[in-house]
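Structural overview for review
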Amino acid sequence: MKTTETKIMTLNKRPTAVQTIQQSLTMAYRGLLKVKRTPEQLMDVTLQPILFTLMFTYLFGGAISGNVQNYLPLIIPGILAQSILTGTITIGVQLREDMDKGVFDRFRSLPVARIAPLAGALLADTIRYAIVTILTFTMGYIMGYRPAAGIQGILLISVLVICFAWCISWIFALAGVIGRSAASVQGISMMILFPLTFLSNAFVPVNTLPSALKWFAEVNPVSHLITAIRELLNQKVIGTDFWLTIAGGIVILLIFIPLTVKAYMRKA
């Protein structure tokens, strides 16, 4: 009888902050194991930056910058931002799939913090963003791109884009929690993200765009991110866009962390 009562008390006991962190790290490890067993999940963050770098560089390099070498300082930051932000969609799709399969119902029966599965999934996704960053800079180096900022600038920019992508992932995590199906989450997420990435200064100079598109590209937060990357890598300058990107990421977290956690707690 005492053993049964002890088990019930253990299940009902609220995890401490340290236990919640440990459980979140365990859930992140679970996410990495899923990738290990189904490596095709990484196709969007492995093949995409390689293919996009090759395609856009050789398709538009001559037309926009005169030659490929002159286009690399423009396109590599654009490809990096576009690829890493596209990868943030996966978190919402995977969350929706887990919820549809009843995985979170099983977690609910375990003595773990309710927030741990969500936090773990978001932590595991940072590995995806790191892969995109490494592959994009590697492709750029192979093609002849040599940033003026050197390795220190590359490391700083890598931290910036990975952190910004993690902030954006909260938006799509919310979509995954409230979406009706994985397919609908993916479709809605693509409709949101594609205009932001392609209607920016990622691939062409903003001054070449029609007036309406030029206005949108100038206020687009993705354009600020790309400008910050270019200024630091190519000119070794930390300008206004760098700080605007950080401020934008903080604003996204302040808005979407409470919304996502509230929606998740209602269903988890």
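Above this text you will find the structure in question.
None of these values were measured; they are calculated from a predicted model. (Residues numbered from 1 in each chain as written. Predicted model: local features only at pLDDT ≥ 70, side-chain atom pairs only at ≥ 80, totals over all residues. Heavy atoms only, no water.)

**Re the overall build of the chain**
Looking only at helices and strands, the chain has 12 helices and 0 strands in total. Start at the N end of the chain and walk to the C end: the helices and strands fall as α-α-α-α-α-α-α-α-α-α-α-α. Its C-alpha atoms give the chain principal-axis dimensions of about 80 × 35 × 35 Å. Here the chain holds 268 residues, and 46% of them are scored as buried. For the chain, the distance from the average site of its 22 positive side-chain charges to the average site of its 11 negative ones is 7 Å. (Helix = DSSP H or I, 4+ residues; strand = E, 2+ residues; numbered from the N terminus. Buried < 20%, exposed > 50% of the residue type's maximum accessible area, 1.4 Å probe, protein only. Lys, Arg positive; Asp, Glu negative; His and termini not counted. Charge placed at Lys NZ, Arg CZ, Asp CG, Glu CD.)

**A word on the nonpolar core**
Residues Ile 75, Ile 84, Leu 85, Ile 157, Val 161, Leu 225 and Ile 229 are the most contacted members of the largest nonpolar core, which totals 65 residues. For this core, the element with the highest residue contribution is helix H8 (residues 150-178), accounting for 16 residues. Residues within four places of Val 161 in sequence aside, it is in contact with Leu 80, Ile 84, Thr 133, Leu 225 and Ile 229. (Core = buried A, V, L, I, M, F, W, Y, C linked by side-chain atoms within 4.5 Å. Contact = heavy atoms within 4.5 Å.)

**Description of a nonpolar patch on the surface**
A cluster of nonpolar side chains, namely Leu 156, Ile 238, Trp 243, Ile 246, Ile 250, Val 251, Leu 254, Ile 255 and Leu 259, defines an oily patch on the protein surface of about 830 Å² accessible area. Examining the composition of the nonpolar patch, we find that 7 residues originate from one element, helix H12 (residues 240-267), more than from any other. Turning to its location among the elements, Ile 250 is positioned in helix H12. Residue class for Ile 250 comes out partly exposed when judged on its relative accessible area of 45%. (Patch = residues over 30% accessible without salt bridge, like charges linked within 9 Å, V, L, I, M, F, W, Y side chains within 5 Å. Areas by Shrake-Rupley, 256 points an atom, 1.4 Å probe, with all protein chains shown as cover. Salt bridge = Lys/Arg side-chain N within 4 Å of Asp/Glu carboxyl O.)

**Digging into the side chain of Thr 53**
In this structure, Thr 53 sits in helix H3 (residues 43-65). Note on Thr 53: relative accessible area 0%, which makes it buried. Setting aside residues up to four positions removed in sequence, Thr 53 forms contacts with Ile 76, Ile 79, Met 139 and Met 143.

**Focus: the pattern of salt bridges**
In this structure the tally under the stated criterion is 2 salt bridges. We note a salt bridge from Asp 100 to Arg 96, for which the minimum N-O separation is 3.1 Å. Of this pair, Asp 100 and Arg 96 are both found in helix H5 (residues 89-100), 4 residues apart, which corresponds to roughly one turn of the helix. Accessibility expressed as a relative area gives 8% for Arg 96, which makes it buried. As a salt-bridge pair, Asp 125 and Arg 128 come within 3.7 Å of each other at their nearest N and O atoms. Of this pair, Asp 125 and Arg 128 both sit in helix H7 (residues 116-143), separated by 3 residues, roughly a single helical turn.

**Section: the side chain of Arg 230**
Along the chain, Arg 230 falls in helix H11 (residues 221-235). Buried and unpaired, Arg 230 has no salt bridge, with Glu 231 as the nearest side chain of opposite charge at 9.5 Å. Only 2.7 Å separates the side chain of Arg 230 from the backbone oxygen of Asn 201, close enough to count as a polar contact. If near-sequence neighbours (up to four positions away) are discounted, Arg 230 is found in contact with Pro 73, Leu 74, Pro 77, Gly 78, Asn 201, Ala 202, Phe 203 and Gln 235. (Polar contact = N/O pair within 3.5 Å; in protein donor to acceptor, adjacent residues only side chain to side chain.)

**Comments concerning the packing of H5 against helix H9 (residues 182-198)**
Across the interface, H5 lies against H9 with an axial gap of 9 Å and an inter-helix angle of 165°. Regarding the angle of H5 to H9, the classification is roughly antiparallel. Helix-helix and strand crossings are classified by hand; for H5 and H9 the assignment is right-handed. Contacts between H5 and H9 involve Ile 89, Gly 92, Val 93, Arg 96, Glu 97 and Asp 100 from the former and Ala 182, Val 185, Gln 186, Ser 189, Met 190 and Leu 193 from the latter. Of the residues contributing to the contact of H5 with H9, the split by class is 6 nonpolar, 3 polar and 3 charged. (Axes fitted to C-alpha atoms, helices over the stretch in contact; angles between N-to-C directions. Parallel < 35°, antiparallel > 145°, perpendicular 65-115°, else oblique. Left-handed = near helix turned anticlockwise from the far one by under 90°. Nonpolar A, V, L, I, M, F, W, Y, C, P; charged D, E, K, R; others polar.)

**Section: the packing of aromatic side chains**
For the coordinates displayed, the defined rule picks out 7 aromatic pairs. When the ring of Phe 52 is compared with that of Phe 56, the centres are 5.5 Å apart and the planes differ by 80°; the resulting orientation is edge-to-face. Separated by 4 residues within a single helix, Phe 52 and Phe 56 lie in helix H3, roughly one turn from each other. Residue classification places Phe 56 among the buried residues on the basis of a relative accessible area of 14%. When the centroid spacing of 5.7 Å and the interplanar angle of 35° are considered together, the rings of Phe 56 and Phe 60 count as tilted. Here Phe 56 pairs with Phe 60, and both are found in helix H3, just 4 residues apart, close to one helical turn. (Phe/Tyr/Trp six-rings, centres within 6.5 Å; stacked < 30°, edge-to-face > 60°.)

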